[in-house]
Amino acid sequence: PHHLSYLSSVNIIPGMKSRISLVRIKSSEEREIITSWEVDRVPYMHSFAATKNYVVFFACPYFINVKKMVRYAIPERSLDWEQESPTILYVVHIKSGKVVTMMTDNVFMMHQINAFERDGVIIVDISAYPNPDFVKNLEMKNLLDPIKRNQFNTRASVRRYTITLNTQTVVWKTFRDTETAPCASALDLPTINEFYRYRPYCFAYGVALKCNNVSLSDIAIVKKDLCGRGRDKMWKIANHYAVEAWFIPEPGGGKYEDDGYLVLPVLNGEAKSSYLAFIDARSMEMVNSAEIPMIVPFNLHGRFFDDLL
């Protein structure tokens with residue numbers, strides 16, 4: 001199978017437009033441009049959503065400022081956030097390359113959770129933020145300050161976007177939390193059962209920082225029931241710092257969507273050591289762990305790879 005990526009071409013010549021291209025990766029050496037379109041300014045886009053037939057870009061109004069880029073050569077200082085501007089959606093038909101442009105409310109996102117087509121519409125789930133301020137606040141001077149690090153907002157909010165191409169309309173909604181997992185909708189760094197990629201699904205898993213809405217270091221691994229059947233759950237241990245998990249399905253895919261395990265490294269702040277946690281994705285209980293012979297510092301992303309030998 002081929003992979004999809006995108007290319008932002010920033011034009012530094014005043015008055016000339018920049019471009020965004022959807023790229024098909026055919027091999028380690030071969031690339032093919034599916035389509036390209038011009039934009040006045042290039043937005044920062046960390047990821048994009050895809051279904052079996054479409055790619056959906058959320059062009060949040062966080063734009064590359066060429067003058068600042070040349071002057072400072074620091075990525076964070078070269079981006080301008082426009083709180084009053086809408087977010088632009090570029091919906092690309094993969095086979096034909098046709099691009100449909102739509103607008104929705106102002107939002108910032110870094111990670112999509114899943115996307116699929118149903119009854120003539122496109123459903124996209126994302127981890128949404130009101131602005132990118134939390135990214136700017138993740139500096140060592142703030143993280144090392146026990147007061148400052150608990151003052152800025154790091155909580156995401158899971159949103160579901162329904163995109164109707166025939167009428168070119170976009171609507172979105174959020175999800176309520178339950179008492180059993182009060183921060184389940186605040187997940188980011190999402191993972192799902194990959195057998196349900198591009199398909200209707202129910203469960204998203206992820207990391208919820210500041211779960212108690214007080215302390216940044218109160219971190220939970222959460223399970224969000226997007227089908228609204230009250231099956232939210234979470235796993236956390238005080239002073240244990242979990243990072244991005246990866247869902248490993250049971251061999252053969254299992255009978256149910258949540259038949260599998262979440263695998264992730266955890267930093268034990270009390271023992272000053274790290275371990276690999278194995279969490280039952282259905283019960284959200286740790287069923288096993290393995291000590292890691294070194295300290296793995298708290299990070300963001302993780303990934304599981306099948307044995308290639």
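Residues numbered from 1 in each chain as written. Predicted model: local features only at pLDDT ≥ 70, side-chain atom pairs only at ≥ 80, totals over all residues. Heavy atoms only, no water.

In the nomenclature of an unreviewed UniProt entry, the chain is known as Beta,beta-carotene 15,15'-monooxygenase of Magallana gigas.

Participant: What is the right way to look at the pattern of salt bridges in this model?
Facilitator: Should their charged atoms come close, side chains of opposite charge can pair. Following the criterion strictly, the structure yields 17 salt bridges and no others. Of the charged contacts in the structure, one is a salt bridge between E139 and K141, with a shortest N-O distance of 3.7 Å. Its relative accessible area of 30% is what places E139 among the partly exposed residues. K141 gets classed as exposed once you look at its relative accessible area, which sits at 61%. Across the pair R282 and D258 runs a salt bridge, and its minimum N-O distance is 3.4 Å. With a gap of 24 residues between them, R282 in the loop between β21 (273-280) and β22 (286-292) and D258 in the loop between β19 (246-249) and β20 (260-268) connect regions that are remote in the sequence. (Salt bridge = Lys/Arg side-chain N within 4 Å of Asp/Glu carboxyl O. Buried < 20%, exposed > 50% of the residue type's maximum accessible area, 1.4 Å probe, protein only. Helix = DSSP H or I, 4+ residues; strand = E, 2+ residues; numbered from the N terminus.)

Participant: Sorry if this is basic, but what is going on with unusual backbone geometry here?
Facilitator: For residues other than glycine, phi is negative in most cases, and the peptide bonds are mostly trans. Even without being a glycine, N213 presents a positive backbone phi close to 60 degrees. With respect to the helices and strands, the residue N213 is situated in the loop between β15 (203-208) and β16 (220-225). Even without a glycine there, the phi angle at N239 is positive, about 70 degrees. Locating N239 in the fold gives a position in the loop between β17 (233-235) and β18 (240-242).

Participant: Explain the nonpolar core here, please?
Facilitator: Soluble globular proteins tend to bury their nonpolar side chains together. Ranked by size, the top nonpolar core spans 27 residues in total, and within it V56, F58, V91, F108, V124 and I163 carry the most contacts. By residue number, the principal contributor to this core is strand β11 (residues 121-129), which donates five residues. Apart from residues no more than four positions distant in its own chain, I163 is found in contact with V56, L89, V91, M102, V121, I122, V124, T169 and V170. I113, Y196, A204 and L226 belong to the second-largest nonpolar core, a separate cluster that totals 20 residues. (Core = buried A, V, L, I, M, F, W, Y, C linked by side-chain atoms within 4.5 Å. Contact = heavy atoms within 4.5 Å.)

Participant: I'm lost on the packing of aromatic side chains in this one. Help?
Facilitator: Aromatic ring pairs are reported here in terms of the distance separating the ring centres and the angle at which the planes meet. Enumeration over the complete set of coordinates arrives at 16 aromatic pairs. For the pair W37 and Y90, a centre-to-centre distance of 5.3 Å together with 50 degrees between the ring planes defines the contact as tilted. Taken together, the residues span a long stretch of sequence, with W37 in strand β3 (residues 31-39) and Y90 in strand β8 (residues 87-93) at a distance of 53 residues. Taking relative accessible area as the criterion, W37 reaches 9% and is therefore assigned buried. When its relative accessible area of 9% is taken as the criterion, Y90 is described as buried. Every member of this aromatic cluster is reached through a ring pair, and the members are Y44, Y62, W81, F108, Y129 and F134. Sitting over the ring of Y196, R199 keeps its end group 4.5 Å from the ring centre. (Phe/Tyr/Trp six-rings, centres within 6.5 Å; stacked < 30°, edge-to-face > 60°. Lys NZ or Arg CZ within 6 Å of the ring centre and 35° of its normal.)

Participant: Got a minute to help me understand the state of the cysteines in this structure?
Facilitator: Chemically, a disulfide is nothing more than a covalent bond linking the sulfur atoms of two cysteines. Taken as a whole and assessed by the stated rule, the structure comprises two disulfides. In this model, C183 is linked to C211 through a disulfide, with the two sulfur atoms separated by 2.1 Å. Classification of the bridge connecting C183 and C211 rests on its S-S torsion, roughly -80 degrees, and on that basis the disulfide is left-handed. Taken together, the residues C183 in the loop between β13 (169-174) and β14 (188-191) and C211 in the loop between β15 and β16 connect sequence positions 28 residues apart. Comparing C183 with C211, the two get one shared label, buried. Disulfide pairing places C202 opposite C227 at an S-S distance of 2.0 Å. Between C202 and C227, the S-S torsion sits near -90 degrees, and that sign places the bridge as left-handed. With C202 in the loop between β14 and β15 and C227 in the loop between β16 and β17, this pair connects stretches of sequence that are 25 residues apart. Each bonded cysteine of the chain is numbered by sequence order, and under that numbering the disulfide pairs are 1-3, 2-4. (Disulfide = S-S within 2.5 Å.)

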